[in-house]
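Listed here are the chains, written in short residue letters.
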Amino acid sequence: MDRQEWITRCSARLHAQWPRLRREQRDEVASELHSDGRWQQLEPECAVVEWLRQGIPNPEARRD
């Protein structure tokens, strides 16, 4: 699949998760994911799910 199709599908999956996020922002996130080889190797919908599973790092949790 070409880059644009991957980004379009990824952006659509991001929209399902974050419907209020502007398309430009979703496309930017999708483009950044595509530029990372580990995500690019996955189907775009799977890449979004796996990326979201990582959550947001919490610096406070690392102080243990």
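Here the structure is a predicted model, which means the values were calculated and not measured.

### Section: the nonpolar core
In this structure, Trp6, Ile7, Cys10, Leu14, Val29, Ala30, Leu33, Trp39, Ala47 and Val48 together form the largest nonpolar core, which totals 10 residues. The leading source of residues in this core is helix 1 (residues 3–17), at four residues.

### Some points on the environment of Glu45
Position of Glu45 among the secondary structure elements: in helix 4 (residues 44–53). Measuring from C-alpha to C-alpha, the distance between Glu45 and Ala12 comes to 8.4 Å, with 33 residues separating the pair along the chain. For Glu45, the residues in contact, after removing those within four places along its chain, are Arg9 and Arg13. Only 2.8 Å separates the side chain of Glu45 from the side chain of Arg9, close enough to count as a polar contact.

### Considering helix 4
Of all the residues in helix 4, the buried ones are Pro44, Ala47 and Val48. With its buried residues spanning 100° around the axis, helix 4 presents them on a single face. Where helix 4 is buried, its residues meet helix 1 and helix 3 (37–40).

### Overview of the packing of helix 1 against helix 4
Direction vectors running N to C along helix 1 and helix 4 enclose 45°, while the axes themselves pass 8 Å from each other. Between helix 1 and helix 4, the angle is such that the two are oblique. Crossing of helix 1 over helix 4 shows right-handed handedness. When helix 1 is examined against helix 4, the residues Trp6, Arg9, Cys10, Arg13, Leu14 and Gln17 are found in contact with a partner set consisting of Pro44, Glu45, Ala47, Val48, Val49, Trp51 and Leu52. Grouping the amino acids of the contact of helix 1 with helix 4 by side-chain chemistry returns nine nonpolar, one polar and three charged.

### Here we look at the pattern of salt bridges
Applying the stated criterion across every chain yields a total of seven salt bridges. Residue Arg38 is joined to Asp36 by a salt bridge in which the shortest nitrogen-to-oxygen separation is 3.0 Å. Through salt bridges with shared partners, a single ionic network connects Glu5, Arg9, Glu43 and Glu45.

Parameters at a glance
Residues numbered from 1 in each chain as written. Predicted model: local features only at pLDDT ≥ 70, side-chain atom pairs only at ≥ 80, totals over all residues. Heavy atoms only, no water. Core = buried A, V, L, I, M, F, W, Y, C linked by side-chain atoms within 4.5 Å. Buried < 20%, exposed > 50% of the residue type's maximum accessible area, 1.4 Å probe, protein only. Helix = DSSP H or I, 4+ residues; strand = E, 2+ residues; numbered from the N terminus. Contact = heavy atoms within 4.5 Å. Polar contact = N/O pair within 3.5 Å; in protein donor to acceptor, adjacent residues only side chain to side chain. Arc of directions from axis to C-beta. Axes fitted to C-alpha atoms, helices over the stretch in contact; angles between N-to-C directions. Parallel < 35°, antiparallel > 145°, perpendicular 65-115°, else oblique. Left-handed = near helix turned anticlockwise from the far one by under 90°. Nonpolar A, V, L, I, M, F, W, Y, C, P; charged D, E, K, R; others polar. Salt bridge = Lys/Arg side-chain N within 4 Å of Asp/Glu carboxyl O.

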